[in-house]
Amino acid sequence: MSKFLNIQNHLIAGEINELILDVKEALSKGVNADEILNTGLIGTMDIVGEKMQSGEMFIPEVLMAAHGMKAAVEILKPKLSCDKIGSAGKLVIGTVKGDLHDIGKNLVMLMMESAGFQVIDLGVDVPAETFLKAVEENDADILALSALLTTTMPMMQKTVELVKEKGLNKKAKIIVGGAPVSQGFADKIGADGFAPDAGAASKLARSLVAAEQTGC
Ligand code: B1M
């Protein structure tokens, strides 16, 4: 990681202009774009996730880092050996029906994109049937459900039940999260996983698809 120290520092600090210069400099020195992405950027986003979990970084800082990551990825995209963006898998995400909170969901989405997922964002107030359709149409690897209200948590259960009823959960792993959601609730409704924050969510999603990953 030492050769990516500047990238690491500027990404964590959310210093996007400096980060872009670092990435361009690394490329001009002949550093492989895949290595910059995997070790320099994705590796650092793992650190960002951990810092968020431990309370060392706050939401606005995490958002800045995630935006920096996106800007850096845009520079690397044409030089990657294969299309790494989306290579972690396809992920459908949304806030469940009746719930309009999207700040946490958007943060989860950015972390997922940063982790290499191709994200299909359905927005807020999403009915179970819409989730189902999107999972089916996109042949998704992960279905990510967010809820911020105790009153909308039952919509998670309804969505999980519908996805299972149609047998789509054989491929698509279902993860849930949001302030009132817990591991116990996830277990109760039969979700495949729960994550307390965006950093943990991207780690969880990656671990769930890891077995099926084949590289390019
Ligand atoms: Co509302 N709201 N809100 N609100 N709101 C809460 C959630 C509430 C706790 C406030 C309170 O009373 N103390 C309360 C819920 C109580 C409950 O159900 N137990 C509440 C209420 C009651 C309401 C209304 C009903 C108020 C009303 O109209 N009477 C109403 C409901 C509207 C609706 O959804 N139908 C309402 C409306 C709103 C606003 C529109 C004003 C606004 C939302 C704006 C928006 O999102 N675009 C809003 C806000 C901002 C909040 C608070 C203040 C902040 C939420 C937030 O964005 N947090 C919130 C109080 C609070 O949380 N302190 C509150 C920051 C965000 C980064 O955290 O979303 O938790 P969070 O996401 C985290 C984790 O939870 C996790 O990762 C994220 C990042 O680490 N995570 C996942 C989230 N999704 C995940 C998915 C995963 C994994 C992790 O896997 C798939």
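Residues numbered from 1 in each chain as written. Predicted model: local features only at pLDDT ≥ 70, side-chain atom pairs only at ≥ 80, totals over all residues. Heavy atoms only, no water.

## Details of helix H2 (residues 16-28)
Heads up, the condition is: The helix count covers DSSP runs of H or I at least four residues long, the strand count covers runs of E at least two residues long, and both are numbered beginning at the N terminus. The span one expects for a helix is its residue count, reduced by one, times 1.5 Å. Think of it in three bands: residues with accessible area under 20% of the maximum for their type are buried, residues over 50% are exposed, and the middle band is partly exposed, with areas taken using a 1.4 Å probe on protein chains only. Each C-beta atom gives one direction from the helix axis, and the arc is the one those directions make. Every residue pair with non-hydrogen atoms within 4.5 Å of one another is taken to be in contact.
If you check H2, its first and last C-alpha atoms are 18 Å apart, about what 13 residues at 1.5 Å a residue would give, namely 18 Å. Among the residues making up H2, those that are buried are Leu 19, Asp 22, Val 23, Ala 26 and Leu 27. The buried side chains of H2 occupy one side of the element, clustering within an arc of 135° when seen end-on. Seen from the open side of H2, the exposed residues pointing more than 90 degrees away from its buried face are Asn 17, Leu 21 and Ser 28. The secondary structure elements touched by the buried residues of H2 are helix H1 (5-13), helix H3 (33-53) and helix H4 (59-76).

## Here's the deal with the site of the ligand
What counts is decided by this rule: Here a residue counts as near a molecule or strand whenever at least one of its heavy atoms sits within 4 Å of it. A 3.5 Å cut-off defines polar contacts: any pair of N or O atoms within that distance qualifies, except that in protein one atom must be a possible hydrogen donor and the other a possible acceptor, and neighbouring residues in sequence count only when both atoms are side-chain atoms. Classes in brief: Ala, Val, Leu, Ile, Met, Phe, Trp, Tyr, Cys and Pro nonpolar; Asp, Glu, Lys and Arg charged; the others, Gly included, polar.
Contacts to the ligand come from 27 residues, most closely from Gly 98, Leu 100, His 101, Asp 102 and Ser 146. A distance of 2.9 Å is found between a nitrogen atom of the ligand and a backbone nitrogen or oxygen belonging to Gly 98. Contacts to the ligand include Gly 178, whose backbone N or O atom sits 3.5 Å from a nitrogen atom. Examining the composition of the shell around the ligand, we find that four residues originate from one element, helix H5 (residues 103-114), more than from any other. Class assignment for the residues of the shell around the ligand results in 17 nonpolar, seven polar and three charged.

## Points about the side chain of Thr 44
Summarising the element assignment, Thr 44 is placed in helix H3. Look at Thr 44 and you get buried, because its relative accessible area is 0%. Within polar-contact distance, the side chain of Thr 44 engages the backbone oxygen of Gly 40 at 2.5 Å.

## Observations concerning the coordination of the cobalt atom of the ligand
Cut-off, in case you're wondering: Only N, O and S atoms count as donors, using a 2.8 Å cut-off from the metal and 3.2 Å for Na, K and Ca, and because water is excluded some sites may appear unfinished.
Exactly one protein atom donates to the cobalt atom of the ligand; that atom is His 101 (NE2), 2.2 Å from the metal. Structurally, the position occupied by His 101 is in the loop between strand E1 (89-95) and H5.

## Quick look at the nonpolar core
Spelled out, the test is: The term nonpolar core refers to a set of buried residues drawn from Ala, Val, Leu, Ile, Met, Phe, Trp, Tyr and Cys, joined through side-chain atoms within 4.5 Å. An automatic or database domain assignment is the source of the domain bounds shown.
By size, the foremost hydrophobic cluster in this structure holds 49 residues, and its most contacted members are Val 23, Ile 36, Leu 41, Leu 76, Leu 91, Met 112 and Phe 117. Summarising the domain contributions, this core has at least three residues from each of domain 1 (2-79) and domain 2 (89-214). By size, the runner-up hydrophobic cluster in this structure holds 29 residues, among which are Val 92, Leu 162, Val 163 and Ile 189.

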